[in-house]
Amino acid sequence: MRPFYIIFFLFAHFIGYSQTYYLTGRPFPLERNNAIKEVGKQWGIDVKYAGNDVVEAFGLDSLNQFIESQHALIQAQRGSDWLGDFFKQVDEVQAIHDEIRRYVLNNQYISRGDYPERKLIIARSNKRTYRVVVVEVESTERVTCKSEYMVRWTKRKKLTTKEGCSLPFQFPENGIILK
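On a predicted model such as this, the values are computed, not experimentally measured, just so you know. Every chain is numbered on its own, with residues counted from 1 as its sequence reads. Whole-chain, interface and lining totals are the exception, using all residues; otherwise, since this is a predicted model, local features are given only for residues with pLDDT of at least 70 and side-chain atom pairs are given and counted only at 80 or more. With hydrogens and water stripped out, all remaining heavy atoms of the structure feed into the side-chain values.

(A) Highlighting the packing of aromatic side chains. In summary, the pairing rule links any two rings of Phe, Tyr or Trp, Trp by its six-membered ring, whose centres are within 6.5 Å, and it sorts them by plane angle into stacked for under 30 degrees, edge-to-face for over 60 and tilted for everything else. Per the counting criterion, the structure on display carries 8 aromatic pairs. For the ring pair Tyr 103 and Trp 153, a centre distance of 5.8 Å and an interplane angle of 75° mean the geometry is edge-to-face. Taken together, the residues span a long stretch of sequence, with Tyr 103 in helix H5 (residues 82–107) and Trp 153 in the loop between strand S5 (142–152) and strand S6 (158–162) at a distance of 50 residues. Grouping residues by exposure puts Tyr 103 and Trp 153 together as buried. An angle of 75° between the planes, with centres 6.2 Å apart, marks the rings of Phe 169 and Phe 171 as edge-to-face. Overall, the relative accessible area of 12% leaves Phe 169 in the buried class. For every residue, the accessible area obtained with a 1.4 Å probe (protein chains only) is divided by the maximum for its type, and the residue is called buried under 20%, exposed over 50%, and partly exposed between those limits. The exposure class of Phe 171 is buried, given its relative accessible area of 0%. An aromatic cluster of at least three residues, connected via ring pairs, comprises Tyr 21, Trp 43, Trp 82, Phe 86 and Phe 87. The criterion for a charge sitting over a ring is simple: Lys NZ or Arg CZ within 6 Å of the ring centre, and within 35 degrees of the ring normal. Taking the ring centre of Phe 171 as reference, the NZ or CZ of Lys 37 above it sits at 5.7 Å. One cation-aromatic arrangement involves Arg 78 over Trp 43; the distance from NZ or CZ to the ring centre is 4.4 Å. Where helices and strands are cited, they refer to DSSP runs of H or I of at least four residues and of E of at least two residues respectively, numbered from the N terminus.

Quick look at the structure:
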């Protein structure tokens, strides 16, 4: 019976295991990062930016070794051109997100408030339904969740206002952090 528990534990561990892939360099805009998070979620890859805190904690050489090991691991599972396929899908998802953003902004009045920057974060709920969260960013310390919508993205598009508001993802590289 004991070997069964060990096999079950290892099986559950590898099923729930998500690889972490760090991106380095200047961060992308929020809209691109939103698409990267969505595709990473679909692929089972946790994509994060390696900021100064990560580089200082691990060191640049060990971080590069970790990135190479994760790249090789994902390459063994997804094929040699996985990164190109990944970003090709990111482009497709970003195009859909941009259409959804235009649709929401054209069909729903969203008050601007006192904050200078308004962003729409999109998370896919199921195949054709998307959750759109409107946030206003004053600074990295102050991000206000203003409203939340559900968008049914078919030929007959439907926009529904939801009660409450919560962020689906955090984007530290763009100053949006869950608190």
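(B) Looking closely at the confidence of the model for the protein. Per-residue confidence from the prediction method is given by pLDDT, with values spanning 0 to 100. When pLDDT is averaged along the protein, the result is 82, and 83% of the positions lie at 70 or above. Ranking the elements of the protein by mean pLDDT puts helix H1 (residues 2–16) last, at 46, and helix H2 (residues 30–43) first, at 94. For the stretch residues 8–16, pLDDT sits under 50, and the model shows 0 contacts to residues farther than four places along the chain or on other chains. Contact between two residues is taken to exist if any of their heavy atoms lie within 4.5 Å; hydrogens are not considered.

(C) View of helix H4 (residues 60–78). Look at H4: 26 Å from first C-alpha to last across 19 residues, which is about the 27 Å you get at 1.5 Å a residue. The elements touched by buried residues of H4 are strand S1 (19–23), strand S2 (45–49), helix H3 (52–58) and H5. Just beyond H4, the residue with positive phi is Gly 79, at close to 105°. In a helix, the anticipated span is given by 1.5 Å times the number of residues less one.

(D) Examining the pairing of S5 more closely. Where S5 meets S6, 5 bridges bridge the pair, whose relative direction is antiparallel. Bridge pairing links Val 151 to Leu 159 in S6. If DSSP finds at least two bridges between two strands, the strands pair. Here S5 folds back onto S6 in antiparallel fashion, the turn holding 5 residues.

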